[in-house]
Amino acid sequence: MLANYGFANDAESASRGKGMPVMRIVPTKVPCEASVMEDIEAGVDGALNDIITALTKPLTAEEKSPKPKEPEKPARIIFKGSLEEVNRFFYQRGWTDGLPIIPPTEEAVAEMLTGTDLPPDHLLGKLQSRLGKATVEKIAINAVMAGALPTYLPVLIAGTINLLESEPGFMGYTTFGFSTGSWAPFWIINGPIRNQINVNNGSGAFSPGNIANAAIGRAMGLIIKNIGGVRKGIEDMGVMGNPMKYTMVIAENEEDSPWEPLHVEHGYKKEESTISLGFPQTYLQHWPYGGDAQGILRSVVDNMPRSMRYTVVFTPPHAKNLAREGYTKEKIKKYIAENKLVDMARMRPPAGIGAPLPGAPPGPMPKPGDKIPQISDYRFIRIIVGGGPGAFIAHLVGGGATPGKKEIQKIELPKNWDKLVARYKNVVPNHAKY
Amino acid sequence: MANKTDNVDEVLSPWAEADPIPSRGISARVNDLAGKKIGLYRNGKRAAEPTLKVVEDRLKKKYPTATFSWFFNARANEAIVDQEAKGEFENWLKGVDAVIAAYGD
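Residues numbered from 1 in each chain as written. Chains lettered and ligands numbered in written order. Predicted model: local features only at pLDDT ≥ 70, side-chain atom pairs only at ≥ 80, totals over all residues.

**Q** Sorry, what's going on with the overall build of chain A here?
**A** Counting its regular elements, chain A contains 15 helices and 14 strands. Taken over C-alpha atoms, the radius of gyration comes to 24 Å for chain A, in line with the 22 Å a tight globule of 434 residues would show. Each principal axis of the C-alpha atoms in chain A carries an extent, and together these give about 70 × 65 × 45 Å. Buried positions account for 45% of the 434 residues belonging to chain A. Sequence-distant contacts, at least 24 apart, represent 78% of the contacts inside chain A between residues at least 6 apart. (Helix = DSSP H or I, 4+ residues; strand = E, 2+ residues; numbered from the N terminus. Rg over C-alpha atoms; globule rule 2.2 N^0.38 Å. Buried ≥ 20, exposed ≤ 12 C-beta atoms within 10 Å, placed from the backbone. Contact = placed C-beta atoms within 7 Å.)

**Q** So what exactly am I meant to see when it comes to the nonpolar core here?
**A** Most often, soluble globular proteins keep nonpolar side chains buried together rather than apart. Residues Ala143, Tyr152, Leu156 and Ile216 of chain A are the most contacted members of the largest nonpolar core, which totals 93 residues. With 9 residues, helix H10 (residues 211-226) of chain A is the largest single contributor of residues to this core. When near neighbours in sequence (up to four residues on either side) are disregarded, Leu156 of chain A contacts Ile139, Ala143, Ala148, Ile216, Ala219, Met220 and Ile223 of chain A. Residues Val30 and Val44 of chain A together with Ile100 and Ala102 of chain B belong to the second largest nonpolar core, which totals 26 residues. (Core = buried A, V, L, I, M, F, W, Y, C linked by C-beta atoms within 7 Å.)

**Q** Just to check I follow, could you spell out helix H1 (residues 8-17) of chain A for this structure?
**A** Each full turn of the α-helix corresponds to 3.6 residues, which orients residues three or four apart in the same direction. Regarding H1 of chain A, the residues found buried are Asp10, Ala11, Ser13 and Ala14 of chain A. What you see down the axis of H1 of chain A is that its buried residues fit within an arc of 165°, all on one side. Those residues of H1 of chain A that are buried are in contact with strand E1 (2-4) of chain A together with strand E4 (98-103) of chain B. Just downstream of H1 of chain A lies Gly19 of chain A, where phi reads positive at about 85°. (Arc of directions from axis to C-beta.)

Take a look at the structure:
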């Protein structure tokens, strides 16, 4: 198997995951996504002898019949120490996101588990890439580490199901959880639970400072890391990385929206709660050309980068202005898809080497100036309402599900939900006046 | 760094259990590439095809009697054996003596 040097560990992990731990991998210096023939030729020439050796050198006994791997059963209680020692131990195991964690003691995990009626050993599924067993207890442990409250556990269980049931192949978690594109899980929470657990959908919704927004996204990142076993630079091959991987969570402002909320668009009842998943790569904000529908929508079209899936967040006043001029969510999506045109010639690699870029139409090279829609299906766009006073519009642009495939999961609540909400509802910041 | 405290906690492991994946060995190697049919397996990443074309070119020069056969997995993130093309792939494998696959980006 030929792999770029930087992908050798990833290739080994992927081979091992498919039951072939002894695959012969030949690292090459062919640059990733290379389209310059001199680079490709130099990379292959440097590896040619190793390629021939890999094809002809007789197999070792281990290569013929690798030793079976023992089941991986980490001790339930893994360490004993002070706050500092626990943090150092977890960090050195690669189990944190680099920030300090709350030690997941028996007591803290038991309190977290009050957030569900499911037993701790209930298995939701096996999470890629190492097919780690996503039990309720493991989710709760990672939730404690992230600083989550027990009222977030139903959200985290639903979020984990969203990952487990994400569509296989190119448009799901198995790509966007790992890819060089540094796609970040982005969670949108809808329904009554938003307010019960204080998920910010208003001023600075994407900024730090709200425990629900911070801890839910952080816990999901730890679940991916510690249950899925996704290690940076080995399975997670994000080239640049993405600060949104710390957390990217918002609630939709359903109360101030003129439109049906996201979960209702997906067929859920307004009184049900859900968590939706997307994988943006980029977060950008811009000002509209004007507060009327044309001023808002033309600015959205002009600022939309090229990618595969799009979420646009409008403030309540912009949403109301759009609705007043007759724009539904669907009509906005269609407007954007019809009006965002790109130059076809730019969709091809300049030297004609390799595959066309995603979205490029088949056929002969286009003439300069030929235009095509950037977004081939208006259903690739999601519209939600959120954000505080002011006139900025937010885009979360990247990857996500094929329309109709898994991207949203209902949140199931425990029987004692009202008592639980009452217990934690007042955990909110109360800023001092000065 | 946090202050040291006298409190000592026993903590639970966040690392999930995992069942072992049954392992298997790799296919027997050929003694020499001369006269052999070499499979070139590529994904849809931009560099895969030109890289394997250079490999083919270099090996043809070194082993003029070697022949080559290509297989293309357009869905790079899905193992070919999990796709509907599994049968086509397995038939292709039967017709080659060795395979070089391009992996990653």
